[in-house]
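Chain by chain, the residues run as shown.
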Amino acid sequence: MIARRRILVRGVVQGVGFRPFVYRTAVALGLGGTVCNRGDSGVEILVEGGVSAIDAFVVALRRDAPPLASVDGVSVEEVVPVGESRFTISPSQGEGRASGTIPPDTAICPACLGEVRGSTRYSGYWATSCTDCGPRFTIIEELPYDRPRTAMRDYPLCPACEAEYLDPANRRYHAESTACPVCGPRLLFDGSGDEPIRRATMALANGKILAIKGIGGTHLACDATEGAAVELLRRRLGRGGQPFAVMASEAMVPSFAVPDEREWELLRRPERPIVAVRQRDGALPAAVAPGLHTVGAMLPYTALHALLFERLRGPLVMTSANRPGRPMWIEDEEIARKSVGIADHRLTHDRRIVARCDDSVVRRAGGRTVFLRRSRGYTPARFPVDLGREPILALGPETGLTFALYDAGGLTMSQHIGSVDNLETYAYLEEAVEHLRRLLGVATPRVVVCDAHPRFLTTSLAERMALASGGKAVRVQHHVAHVAAAMAEHHLEEAVGVVLDGYGYGADGSAWGGEILVSRGGTVERAASLRPIRLPGGDLATRFPLRVAAAYLAEGGVPLAEIEGALRKRGLSPEAAALVVRQWESGVNTPQTTSAGRFLDGIAAWLGVCRQRTYEGEPAMRLEALAARGTALAVDVPVRRAGSGWVIDLVPAFCALVEASSVEPAERIAAAAQSALARGAAAAAIAVAEERRIGTVCLSGGVAVNDAIASEVRAAMEAAGLAFVTNEWAPCGDGGVAFGQAVAAGLGWRLLEADGIDAADGEAGGRAASSWHARRSHLFRSGSGA
């Protein structure tokens, strides 16, 4: 019996070789019909033939899809047969709205790499790709994804490339990035096409710094084994201690890093993220990742990178080309202008970058793979979630942000944007929002979500956008968004959320950051938190964390004169030390915080690990590196009833660790600090979960990427018989906040203003801690913590 069916396939099915796959499958089964890209519905297939053959065809669509495809849905409709026996691929249809399934950029595949290295017409060509690899998101101007709608429209195909492009049996059939040395983009060294690869590798071997234009932006590169070159790059770029990523061939990686089996899998994935792996001691100059035990390693992911490493003898520093806090350079004129005084040479190409896209960064933490930055290779990605019919734009917080765009049952995450605290990044955010909205064909959202902080630039932007669209701006508390993101990706109806973070504007106007939240039935309640401390100098304490240490000691009842003397011993001038103490004593500019990150920062500063922060998270990251060399001391962390809630009192633990630092190695103190935070948070979460009869605990926030802390919290939950989850699809840190903002706003979550935590009751332990410390006169003896 002959039948005909109309099949719609939704998902990442454009630009990933799906139509040629459909063609080959239909021909093999003796079916007739057509396949085409539809801007409004993914891929449309009309297929005619025997019923059993059609049934086998539908099964194959899901089972045998190309490696880069992701099939979210297949719908089948009976239509009247027309006697079609030949199968063809039809031109794309652009009417209607876009499908919202944009393919991400992908690392060069083995077949293309073999052609680049072999004796083929692609031999030595820097931009070789096919339907299974190469740039996608970064070159797309609009959907459907066809060459005239990409940056490749600037390069008409030569006869040889056109023949491959039009052959359904060829892996370059409608591969929109298809190009060769005859017709494709040119590679240039300092503006010249004369032997650019050879000249670039010679410059790198001679210790020079290069600006290398890639798929989604520009890297600054130098020899990673040459300390002088790395330090020079750091000075020229003005990038204090922030770690640099290192690119290396597979054979080179073991010379400087020790990846385990799971980390090797991550390194080799087609997304090619930067993977934070343990450094091999002494293998790299300290300036590559100052004070850290890990290094961000990545494998080459383009033909250009492969050609460079055929000639190089060692790894390269490959860091984003931008001044701190500014967007990465992408335009040729911009690269030439802004690289002056930073890069000695430029290795560029003349293909336009339509969408800026930084490298993604991942690591293993708590037995899971978590994102530190979700961008190239993973972006833009659509997460299926029902938040209603109204489009939603969520702008994220202010630092390290991505944004999220919801429409028609799916939430699309943007590439990494960065910190929107300057006009350049602010403009980039607006530009990226409009590009993605237009690309997806989403109507201007009338619901614009932002952080609850009244002074964030993203808050004012949300209000301006909402006003322009006649809609509304919705503010979502920072840590509620963290929990919402984790719960949404694991499809949870209720959970106890453990949010260990640096900073979030609290419902009471104070600085939250160590919170236990209960989410169920659309309401969120703050059920526990760290004991609040007062930070002398406010934001200054985040940059100079000895102020945090002083605050913890003062809260613990240590005489202020002793604290002032300890600050002077640890590098503060007499005037600065006196000012810190006076500020705390007077209560002037001493906002309260429950931040988990500040607790770790204070310990890091006391131990001399980091006394001036040069980038977000630096003190805690250096503390983690130190802790990795030691075993934790046992230290008590009281978790006390405080009204109807709980308080995790880290003040006695901080003071005990300060005392122990005079006789114990610094690495043991560092490990103990992390353990104290993890155990205190876990104990409170278990108490709340048992009290509320909730069986799942989710861990989120910037501190959740710390492997030791995440592992200890997970172990405690599992020992208590509770399910444990954390963010895996979106970042645990601020890069995942927009996802949670959209979910919380779309589902109408409400944070209860009265949290039930009686801070005065919770501070009773602090008064007890004061007398505990009064009995110890040797608190500030010199030793390993001096």
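This text gives an overview of the structure that appears in the document. (Residues numbered from 1 in each chain as written. Predicted model: local features only at pLDDT ≥ 70, side-chain atom pairs only at ≥ 80, totals over all residues. Heavy atoms only, no water.)

### Topic: the sheet that holds strand β7 (residues 210-213)
Across a sheet, paired strands are connected by hydrogen bonds in the backbone, their directions being either parallel or antiparallel.
Stage number 1. If you walk across this open sheet you meet the 10 strands as β6-β13-β7-β8-β12-β9-β11-β10-β14-β15, and the pairing is mixed. The two strands at the open ends of the sheet, each matched to only one other strand, are β6 (187-189) and β15 (368-373). Sheet twist, expressed as the mean angle between neighbouring strand axes with direction ignored, is 30 degrees.
Stage number 2. Contacting β8 (218-223) and β12 (316-320), helix α6 (residues 227-237) crosses the sheet at an angle of about 145 degrees to β8. (Pairing = 2+ DSSP bridges. Helix = DSSP H or I, 4+ residues; strand = E, 2+ residues; numbered from the N terminus. Axes fitted to C-alpha atoms, helices over the stretch in contact; angles between N-to-C directions. Contact = heavy atoms within 4.5 Å.)

### What about the environment of L237?
Stage number 1. Considering the arrangement of structural elements, one finds L237 in helix α6.
Stage number 2. For L237, a relative accessible area of 0% corresponds to the buried category.
Stage number 3. L237 sits 85 residues away from N322 along the chain, and the two C-alpha atoms are 7.8 Å apart.
Stage number 4. Setting aside residues no more than four positions away along its own chain, L237 makes contact with L220, T319, S320, N322, R323, P324 and I342. (Buried < 20%, exposed > 50% of the residue type's maximum accessible area, 1.4 Å probe, protein only.)

### Considerations on helix α11 (residues 457-469)
Stage number 1. Here α11 is 13 residues long and its end C-alpha atoms lie 18 Å apart, about the 18 Å a rise of 1.5 Å per residue gives.
Stage number 2. Every buried residue of α11 is accounted for by T458, T459, L461, A462, M465 and A466. The arc that holds the buried residues of α11, viewed along the axis, is 160 degrees, so those residues lie on one side. Turned more than 90 degrees away from the buried face of α11, the exposed residues are L467 and A468.
Stage number 3. Note on α11: the residue one or two positions beyond its end, G470, has a positive phi of about 70 degrees. (Expected span 1.5 Å × (residues − 1). Arc of directions from axis to C-beta.)

### Observations regarding the side chain of H478
Stage number 1. The residue H478 is located in helix α12 (residues 478-489) in this model.
Stage number 2. When residues no more than four places from it in sequence are discounted, the contact partners of H478 are P397, D451, D501, Y503, G504, Y505, D734 and V737.

### What to know about the sheet that holds strand β16 (residues 381-384)
Stage number 1. Overall, mixed pairing links the six strands, which are arranged β16-β19-β18-β17-β20-β21 in an open sheet. Edge positions in the sheet fall to β16 and β21 (472-476), since each has one partner strand and no second. Taking each pair of neighbouring strands and ignoring which way they run, the sheet shows an average axis angle of 25 degrees.
Stage number 2. Alignment of β16 against strand β19 (residues 410-413), held across four bridges, turns out to be antiparallel. The partner of P384 across the bridge, within β19, is G410.
Stage number 3. In the packing of helix α22 (residues 737-746) onto the sheet, the strands contacted are β16, β17 (392-394), β18 (404-407), β19, β20 (447-451) and β21, and the crossing angle to β17 comes to about 140 degrees.

### Focus: the packing of helix α19 (residues 651-660) against helix α20 (residues 666-692)
Stage number 1. Packing of α19 against α20 brings their axes to within 10 Å, and their N-to-C directions diverge by 170 degrees. When the axis of α19 is compared with that of α20, the two are roughly antiparallel. Residues A653, L657 and A660 of α19 form the contact with α20, whose participating residues are I669, A672, A673 and A676. (Parallel < 35°, antiparallel > 145°, perpendicular 65-115°, else oblique.)

### Quick look at the pattern of salt bridges
Stage number 1. In this structure the tally under the stated criterion is 50 salt bridges.
Stage number 2. In this structure, the salt-bridge partner of R63 is D64, at a minimum N-O distance of 3.0 Å.
Stage number 3. Given the relative accessible area of 60%, R63 is considered exposed.
Stage number 4. For D64, a relative accessible area of 37% gives the class partly exposed.
Stage number 5. Of the charged contacts in the structure, one is a salt bridge between D344 and R236, with a shortest N-O distance of 3.1 Å. With D344 in the loop between α9 (332-338) and β13 (345-349) and R236 in helix α6, this pair connects stretches of sequence that are 108 residues apart.
Stage number 6. Residue classification places R236 among the partly exposed positions, given a relative accessible area of 24%. (Salt bridge = Lys/Arg side-chain N within 4 Å of Asp/Glu carboxyl O.)

### Description of the packing of helix α14 (residues 546-555) against helix α17 (residues 596-606)
Stage number 1. Direction vectors running N to C along α14 and α17 enclose 105 degrees, while the axes themselves pass 7 Å from each other. One finds that α14 runs roughly perpendicular with respect to α17. Along its contact with α14, which presents L546, V548, A549, Y552 and L553, the element α17 presents R598, F599, G602, A605 and W606.
Stage number 2. Classifying every residue of the contact of α14 with α17 gives eight nonpolar, one polar and one charged. (Nonpolar A, V, L, I, M, F, W, Y, C, P; charged D, E, K, R; others polar.)

### Here we look at the nonpolar core
Stage number 1. Of all hydrophobic cores here, the largest spans 107 residues; its most connected members are L220, F256 and L347.
Stage number 2. Per-element accounting of this core gives the leading share, eight residues, to helix α10 (residues 423-440).
Stage number 3. Once residues within four sequence positions are removed from consideration, L220 is found in contact with L210, A211, L233, L237, V317, M318, T319, S320, A321, W329, I342 and A343.
Stage number 4. Counting residues in hydrophobic clusters, the runner-up holds 87 residues, among them V581, A666, A704 and V713. (Core = buried A, V, L, I, M, F, W, Y, C linked by side-chain atoms within 4.5 Å.)

### Here's the deal with unusual backbone geometry
A negative phi holds for most residues other than glycine; trans holds for most peptide bonds.
Stage number 1. With an omega dihedral of -5 degrees, the bond running from T379 to P380 counts as a cis peptide bond.
Stage number 2. One can find P380 in the loop between β15 and β16.
Stage number 3. With a phi close to 55 degrees, H491 is a non-glycine residue in the positive phi region.
Stage number 4. Looking at the element boundaries, H491 is found in the loop between α12 and β22 (494-505).
Stage number 5. Phi at N589 takes a positive value of approximately 55 degrees, unusual for a residue other than glycine.
Stage number 6. Looking at N589, the relative accessible area reads 45%, which means it is partly exposed.

### Brief notes about the side chain of T402
Stage number 1. Along the chain, T402 falls in the loop between β17 and β18.
Stage number 2. Within the structure, T402 has its side chain in polar contact with the backbone oxygen of G735 (distance 2.8 Å).
Stage number 3. Once residues within four sequence positions are removed from consideration, T402 is found in contact with R374, L395, G396, M413, S414, Q415, H416, I417, G735 and A738. (Polar contact = N/O pair within 3.5 Å; in protein donor to acceptor, adjacent residues only side chain to side chain.)

### With respect to the packing of aromatic side chains
Stage number 1. Inspection of the entire model under this criterion finds 10 aromatic pairs.
Stage number 2. If you follow R234 out to its NZ or CZ, it ends over the ring of F244, 4.0 Å from the centre.
Stage number 3. The side chain of R570 reaches across the aromatic face of W606, ending 3.6 Å from its centre. (Phe/Tyr/Trp six-rings, centres within 6.5 Å; stacked < 30°, edge-to-face > 60°. Lys NZ or Arg CZ within 6 Å of the ring centre and 35° of its normal.)

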